[in-house]
Structure formats: structure tokens, C-alpha cells
Amino acid sequence: MADIIKLLPDHVANQIAAGEVVQRPASVVKELLENAIDAGATSIKLIIKDGGKSLIQVVDNGIGMSATDARLSFERHATSKIQSAEDLFNLNTKGFRGEALASIAAIARVDLQTKTANEEVGTAIEIEGSEIKSQEVVATPQGTSLAVKHLFFNIPARRNFLKSDAVELRHITDEFHRVALAHPSIAFNYYNNGSELFNLPESNFRQRIVNIFGKKSNEKLVPVNEDTQVVKVSGFICKSEFAKKSRGEQYFFVNNRFIKSHYLHYAVLAAFEGLIKPGTHPGYFLNLEVDPSSIDINIHPTKTEVKFDDEQTLYAILRSTIKHSLGQFNVAPTLDFDHDSNLQTPYEYKNKNAVLPKVTVDSTFNPFAEETKPTTASNSPSASSSSFSSYKKPSPQSWESLYVETPNTEVKSTGFEGVSFESEVSAKSIFDDTEDDLDTSAITFQLKRKYIVTTIKSGMVVIDQGRAHQRVLYEKFLRTVTLNEGLSQQLLFPIQLSFSLAEIDILKDIKDNLTTMGFVFGQINENIVEINGIPPMVAEAEVDTIFDELMADCQQNVGADGFSQADILSKALCKSLAVKTGDVLDKLSQAALVNDLFACTESMVSPFNKPIYVTITENDIDKKFM
């Protein structure tokens, strides 16, 4: 039998490895930025074109590479980070596998220019699909400039699966944020299609957060600092009132490396328990310094998943540290059982002197003075009661005394005897009361403030009121966007909402569809969005919550397709505006909801593919009595 096992060629092996290391343009950005940091750079430039599909270039002022090192860096498992297997247990660099550049060169066209401080000229190398096209001497400044062009040019299937330029740019920006936050002592510049997106000078950690997420983020931050034998925790958490439904501002850094850890995230949530609404997530920027030998980062090619020796201890320390910061900076109420709030001096009386209270005495008061009684009442039962009164009504001597209140004044009628007060829960109306053309012949009633039960010829229908209203609103919003018939209600005072730069980019993508739905936008600054008008069905108090949920739903799903955006926005708005479980509907609203539901194009399932109603026939009821 002939031998059938053969050693794969290097370029084939590199393409296989590239499938794990390079998933999208953001993966290339992460690897190149980390290589620049390992090279000791103090200034790094990131240049992007067409969402990273046409160009990804990273320029640094690090130590550079010699001609031999530049050629060898594109070989698999060639690295200067580690020398032996023991080095894996004490990693202090970003990279260590030595396969990133080889994987990138296998699926793209790469131009490298590099120079060390001791050399007068540098080296320029051109590689295409793992094949070196040229290597020559070039005049270049100290450091390294690596340009990745036409990513996945030789793997068209992978290239076709990439998202739109806007989505890919958003992923690149996320990776840039993670690296820039982990290294505030390094200056970063970020360019996209010739325009500068970020210019981050060398700064401290707090200033780096403000430079990335805007000036408004400074007021959200609460310092966290704790040093123990196991871990040193430092950084910032966001105040509880700024918690959002989206998870865009949650950052863990372990030894200056961004990681993802659901376990530690739950530790933060446990510290905020009772301070934030269910379903919302607090923001945090936390640095954890641990012994490099106590963690294992060689788990996943992206190196964002790590294993700790003692996760339970980290959980307890992190939770206690955050709770301490929340109490220390008066974000959470402190518990002091020995403190009596009644003994605390109010602020308005803090600088006032004590005043001796004045006592007034009525010199004419005589408790033993006999009260004169009418002679006609001598035989009444009240005549046998005490003939002494504790108060003698003074005779009016001037017109001012007519307005002095006396305790014996009889209570006069206030005119409210015939007023009846509401004792039951008021029913909510989700439709206009002027709708007189509704079919109210069918009997409807509300069950458990969640379902609407109505009769049909064969039995009855039980409808989930929330899902039914979602379907009605969803089709209404889609029809509004398609026909461009959105109505708007102008606001007397514009609403100003604060967003991060990433959320501002999302908002700019969906602005046209939101305008069609009835939202009117004013100025959109760096972090502030002004809203001058809203759809008639949207309450002004709900605008902040609606946009928070919009950002959460659209953060990863907005593409170039206009219909996809309209569908996502319609689902997000109908979920926010639909009636909820516990809302009481009046009879007119129940009938209107039933009629509008069965007038929809698709009345069986909600916009989220969940059943809206169930039918119970007369035979089903008869079987229960057999």
C-alpha cells in the first residue's frame, strides 16, 4: 500500500492557520497594534481604508528590525518573544506564538518597511500570498510600517462573508479602543479614508477614557483602587444611573491585556445589585495586575480568554472592592446602625444660631369661669354635663378679629360631599377614543392583565396583548418607512441625549430611517444629540429609554441594506412602545387591538417569531368535562 500521508506545503499551512488568527480586518488590526507595542513604540498610527478591506496600515517608532529579522518574521513560529516552553508561564508581551504575520501574509498583499536605530537605511519587503515578491534597501525612519492590502484576495469566499464597511470599521474601532485603553502612556492616531477619527496623546488612564468616550464620560467615573497579595485592582466604574442595556463600555485588563470574562462580569453585577435596573449593565474600566505565572492566556488564538488559578478569590476581591468604592464616593448608601438621622443638622440651619423659643400667655384666660347656657336647653341631656368651658370666645372688637381662626369654629360644607373618588386601577388606552368604527360586537375581557380573551364562532381566542401590540406597531412602522409618511410632534424644549463616539456613528447610519419614522434631529456634536421632534405615539419621558434600547439592538446589526435597518429599527421601537404585562386596557382598546391584529399581514407570530394567540374551540372545552 502506497504512503498517503504527506506534509502540507508552507503556504497551505499558513492559509489554514490564517482561518483561526484572521477572522476579519479587526483581527489584523489587533495583531499589528500589539506587535508595535511589543516593539517599544511610543507613537502608533493606524490607517484604514474601506473598512480594512483595501488597506490596513500600522506605523510605529519602535526598535525596528534588521534585514534578516524582517525576512524571518513572516515564517511560521518565528518570534522574538519567547525562547523556551518555560517562558509560556511568565509572559510579559502581547504576542508569543509567532504565526500572526505568516497568517496575514498568506491571505493578503503585505508591504513592510523597517529600520533599526543603528542602521543608516532600512529594509522594504513585498509579499503576496506567502510569496516574497521583492526585498530591497529603502530610506525610512526608525521603526516599522506594515501595510496589509486587499485582505482575503485569494480566498473570495471569506471576503464575500465580510460585512459592510461601516460594520467592519466598527469592529476595528472596538479593537483600537481596547489597545488604546490598555496603554495610555502611548500616543495613538487613527485615520479612516483620509479623515482623522482619534488623536490620543500620551496621558493617564482617566484622561484616555475621556479622550475616547467624550468629555461627558468624566462625570460618570468613580475611582477604584485596592492592593492585595493576590491582585491589584485599579481603574474606574461608572455610576449606577448611567447603566445601559447595551454592553459597550465594559473593559477588563489583566496585566495590560484586554480580556473577556463572564465570571468577573458577574462579580461587578453583584456589587451593583439593587442599584441598577434589571437587564442593564454598568460600565467599568478595570485593570487587574496578577502574577503572570497564575494565569494562562494560551487558550484561544485571540488571547482574550484566560484562565486564573483562583477565580473565586478574584471574584470576592473584585466584588468587595467595587462595593467599597460605591460607598466611599456616596454612590451607594452607607449602613451605620449607630447613626441617628434625627440628630443631623439640616444644611440650611448649619450656620444659624440657636434662638430661645417664645411663649405667649393669655392673661384673660380663666378655666373656672362659668359658661352661660341657653335656658331652653336646660332639660336637654347636655345640660347635665359640665357647666365649665376651657375656652372663652373673645368678643370681636375690630374687623381684623373676624379672620382669626378659633378652635370652636364649626366645620362648614366644602362642596366636596358629592364627589366620588376612583378606587380601581385606571384602564390604559392605547388607541384614540374617537374610533367609532370598531367592531365591538365580540365579547372581550382582560385576563391577568396579560391576555385578551375574545369570542369567535367556534370558541374563543386568547391573545397575548404585548405580542399583539408589537405586531401592530411593527407593521405600522414598516409601512411608515416604506411610504415615507411619518408624522412628527415638535417639542417645546429640545431633548439632549449623551452618547459615546461609537453610538454616534450608529446613530448617523440610522438617522434617515429615524427621521422617516417621525424623529426630528437638531445638532449632532461630538457626544450630544439634540432631538427637536418625536412621533406622536412616543412619550417625551420615554425617549431616553427608547434610544438606549435602539443602541443595544443596532450595535452589531446595522448593515448597508436600507430594509435591514428599517426592520431592526421597527422591531426595536415596537418592543419599547408596546403595552407590557400588567397594563390594564379599557374595553375600547381591547376591541381595537383585536381588530388591528387580525388586519395585519401576519397575525399569528410577533416580529420576534413568537406565537401571539391560541384558539380554544368548543370541542376542546367539551373534552375537559368528559
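Calculation rules
- Residues numbered from 1 in each chain as written.
- Predicted model: local features only at pLDDT ≥ 70, side-chain atom pairs only at ≥ 80, totals over all residues.
- Heavy atoms only, no water.
- Helix = DSSP H or I, 4+ residues; strand = E, 2+ residues; numbered from the N terminus.
- Expected span 1.5 Å × (residues − 1).
- Contact = heavy atoms within 4.5 Å.
- Pairing = 2+ DSSP bridges.
- Axes fitted to C-alpha atoms, helices over the stretch in contact; angles between N-to-C directions.
- Salt bridge = Lys/Arg side-chain N within 4 Å of Asp/Glu carboxyl O.
- Buried < 20%, exposed > 50% of the residue type's maximum accessible area, 1.4 Å probe, protein only.
- Phe/Tyr/Trp six-rings, centres within 6.5 Å; stacked < 30°, edge-to-face > 60°.
- Parallel < 35°, antiparallel > 145°, perpendicular 65-115°, else oblique.
- Nonpolar A, V, L, I, M, F, W, Y, C, P; charged D, E, K, R; others polar.
- Polar contact = N/O pair within 3.5 Å; in protein donor to acceptor, adjacent residues only side chain to side chain.
- Core = buried A, V, L, I, M, F, W, Y, C linked by side-chain atoms within 4.5 Å.
- Left-handed = near helix turned anticlockwise from the far one by under 90°.
- pLDDT = per-residue confidence, 0-100.

Student: I'd love a proper account of helix α14 (residues 587-598), names of residues and values included.
Tutor: In this model α14 runs 17 Å from its N-terminal to its C-terminal C-alpha over 12 residues, within 8% of the 16 Å that 1.5 Å per residue would give. In the core, the buried residues of α14 are packed alongside β16 (444-447), β17 (451-456), β18 (459-464), α10 (465-483) and β22 (613-617).

Student: Give me the lowdown on the sheet that holds strand β13 (residues 284-289), citing residues and values where you can.
Tutor: Each strand in a sheet pairs with its neighbour through backbone hydrogen bonds, running either in the same direction (parallel) or in the opposite one (antiparallel). Taken together, 5 strands build an open sheet; the order of strands is β9-β10-β13-β11-β12 and the sheet is mixed. The sheet is open, and its two borders are formed by β9 (221-227) and β12 (258-259), each paired with just one other strand. Contacting β9, β10 (232-238), β11 (250-254) and β13, helix α9 (residues 311-328) crosses the sheet at an angle of about 130° to β9.

Student: How would you explain the pattern of salt bridges if you had to name every residue and give the values?
Tutor: Note that side chains of opposite charge can pair when their charged atoms are close. Scanning the model with the defined rule gives 10 salt bridges in all. A salt bridge links aspartate 567 to lysine 571; the shortest N-O distance between them is 3.4 Å. Of the two residues, aspartate 567 and lysine 571 both sit in helix α13 (residues 562-577), 4 residues apart, roughly one turn of that helix. A residue is classified by how much of its surface remains accessible, and aspartate 567, at 15% relative accessible area, is buried.

Student: Kindly report on unusual backbone geometry, identifying the contributing residues and their values.
Tutor: The phi dihedral of serine 130 falls on the positive side, at around 70°, and the residue is not glycine. Relative to the helices and strands, serine 130 is located in the loop between β4 (122-128) and β5 (131-138). For asparagine 256, which is not glycine, the phi dihedral falls at a positive 65°. Structurally, the position occupied by asparagine 256 is in the loop between β11 and β12. Using a relative accessible area of 42% as the deciding quantity, one classes asparagine 256 as partly exposed.

Student: Give me the lowdown on the sheet that holds β22, citing residues and values where you can.
Tutor: The strand order across the open sheet built from 4 strands is β16-β17-β18-β22, with neighbouring strands paired in antiparallel fashion. Single-partner strands in this sheet number two, and they are β16 and β22. Across the sheet, the mean angle from the axis of one strand to that of its neighbour is 25°, orientation sign disregarded. As defined by bridge partners, β17 adjoins β18 across 6 bridges and the pair is classed as antiparallel.

Student: Outline the packing of aromatic side chains, supporting the account with residue identities and numerical values.
Tutor: Per the counting criterion, the structure on display carries 17 aromatic pairs. Residues phenylalanine 519 and phenylalanine 547 carry aromatic rings whose centres are separated by 5.3 Å and whose planes lie at 80° to one another, so their mutual orientation is edge-to-face. Note that phenylalanine 519 is positioned in the loop between α11 (501-517) and β20 (520-524) and phenylalanine 547 in helix α12 (residues 543-554), a separation of 28 residues in sequence. When its relative accessible area of 1% is taken as the criterion, phenylalanine 547 is described as buried. Grouping aromatic residues by their ring pairs yields a cluster made of Phe205, Phe213, Phe236, Tyr251, Phe253, Phe258 and Phe285.

Student: How would you sum up the packing of α10 against α11? Please name residues and give values.
Tutor: Taken N-terminus to C-terminus, the directions of α10 and α11 make an angle of 105°; their axes are 8 Å apart at the nearest point. For the element pair α10 / α11, the angle class is roughly perpendicular. On the side of α10, the interface is formed by Phe477, Thr480 and Val481, while α11 contributes Asn513, Thr516 and Met517. Tallied by class, the residues present in the contact of α10 with α11 amount to 3 nonpolar, 3 polar and no charged.

Student: How would you summarise the environment of lysine 53 if you had to cite specific residues and measurements?
Tutor: As for its placement among the helices and strands, lysine 53 is situated in the loop between β1 (43-49) and β2 (55-60). Among the residues examined, lysine 53 registers a relative accessible area of 17% and is labelled buried. Residues lysine 53 and arginine 24, 29 residues apart in the sequence, show an inter-C-alpha distance of 9.0 Å. If we ignore the near neighbours within four places in the chain, the residues touching lysine 53 are His150, Leu151, Arg159, Leu162, Lys163, Ser164, Asp165 and Glu168. In terms of polar contacts, lysine 53 uses its side chain to reach the backbone carbonyl oxygen of lysine 163, at 2.8 Å. At 3.2 Å, the side chain of lysine 53 forms a polar contact with the side chain of aspartate 165.

Student: Before we move on, could you go through the environment of serine 164 and cite the residues and values that matter?
Tutor: In this fold, serine 164 is placed in the loop between α5 (156-160) and α6 (165-182). Taking the C-alpha atoms as reference, serine 164 lies 9.9 Å from lysine 53; in sequence the two are 111 residues apart.

Student: Could you give an account of the nonpolar core, with specific residues and numbers?
Tutor: Membership of the largest hydrophobic core comes to 56 residues, with the highest contact counts inside it found for Leu32, Ile44, Leu46, Val148, Phe176, Leu181 and Phe285. If near-sequence neighbours (up to four positions away) are discounted, valine 148 is found in contact with Val28, Leu32, Ser54, Leu55, Ile56, Ile104, Ala108, Arg109 and Val110. Core analysis: the next-biggest nonpolar cluster, separate from the first, contains 35 residues, Ile504, Leu514, Ile534 and Phe547 among them.

Student: Summarise the side chain of serine 27; cite the residues concerned and give the values.
Tutor: Residue position: serine 27 is located in helix α2 (residues 25-38). Its relative accessible area of 12% is what places serine 27 among the buried residues. The contact partners of serine 27, leaving out residues within four places of it in the chain, are Val21 and Val22.

Student: An account of helix α7 (residues 205-213) is needed here, citing residue identities and associated values.
Tutor: Along α7, the residues that are buried comprise Phe205, Arg208, Ile209, Val210, Ile212 and Phe213. Looking one or two places after α7, you find glycine 214, whose phi comes out positive at around 100°.

Student: Requested: an account of the packing of α6 against α7, with residues and values cited.
Tutor: Any two packed helices are characterised by how steeply their axes cross, that is the angle between the axes, and by the distance between the axes. Direction vectors running N to C along α6 and α7 enclose 160°, while the axes themselves pass 9 Å from each other. Looking at the two axes, α6 sits roughly antiparallel to α7. Considering only the axes of α6 and α7, their crossing is right-handed. Contacts between α6 and α7 pair His177, Ala180 and Leu181 from the former with Phe205, Arg208, Ile209, Ile212 and Phe213 from the latter.

Student: How would you explain the confidence of the model for the protein chain if you had to name every residue and give the values?
Tutor: Taken residue by residue, the protein chain gives an average pLDDT of 79. The fraction at 70 or more is 77%. Note that pLDDT drops below 50 for residues 376-391; the model gives that stretch 14 contacts with residues more than four away or on any other chain. Confidence over residues 432-440 falls short of pLDDT 50; this stretch has 10 contacts with residues more than four positions distant or in other chains.

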